[in-house]
Amino acid sequence: MISYDPLFKTMKNKGITSYRLVKMGFSASTLHSIKHGNSMTMKTLDMLCELLDCGVSDIVEYRKK
């Protein structure tokens, strides 16, 4: 199972709110979808890494069910 918990921890650690992430150019609807556990594309993952200046492991992690 893919978890997005690292994304929200990274945002908190960097002081970036959802509002600020949207103002930086990230889609509000995509963020809403991610918050509800829906999948994201590699393009979205790439954009988050760029905006948050972090690696993939700071966005997603794999957890065994």
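In short, a report on the structure. (Residues numbered from 1 in each chain as written. Predicted model: local features only at pLDDT ≥ 70, side-chain atom pairs only at ≥ 80, totals over all residues. Heavy atoms only, no water.)

Focus on the side chain of threonine 10
We count it as follows: Per the convention used, a helix needs a DSSP run of H or I reaching at least four residues, while a strand needs a run of E reaching at least two, with both numbered from the N terminus. For this analysis, residues touch if any pair of their heavy atoms sits within 4.5 Å.
Looking at the element boundaries, threonine 10 is found in helix H1 (residues 5–14). Threonine 10 has contacts with Leu52, Cys54 and Asp58, leaving out every residue within four places of it along the chain.

So, the environment of serine 3
The following threshold applies: Distance and chemistry together define a polar contact, namely a pair of N or O atoms within 3.5 Å, with one atom able to donate a hydrogen and the other to accept it when in protein, and with adjacent residues in sequence counting only for side-chain atoms on both sides.
Mapped onto the fold, serine 3 is located in strand E1 (residues 2–3). Remark: the alpha-carbon pair of serine 3 and isoleucine 59, spanning 56 residues in sequence, is separated by 8.6 Å. At 3.1 Å, the side chain of serine 3 and the backbone nitrogen of aspartate 5 are in polar contact.

With respect to the side chain of threonine 44
Keep this limit in mind: Throughout, exposure labels follow a simple rule: accessible area from a 1.4 Å probe, protein chains only, divided by the maximum for the residue type, with under 20% read as buried, over 50% as exposed, and the rest as partly exposed.
Note that threonine 44 resides in helix H4 (residues 42–52). Given the relative accessible area of 14%, threonine 44 is considered buried. At 3.0 Å, the side chain of threonine 44 and the side chain of threonine 41 are in polar contact. With residues up to four places along the chain from it excluded, the contact list for threonine 44 reads Phe26, Thr30 and Ile34.

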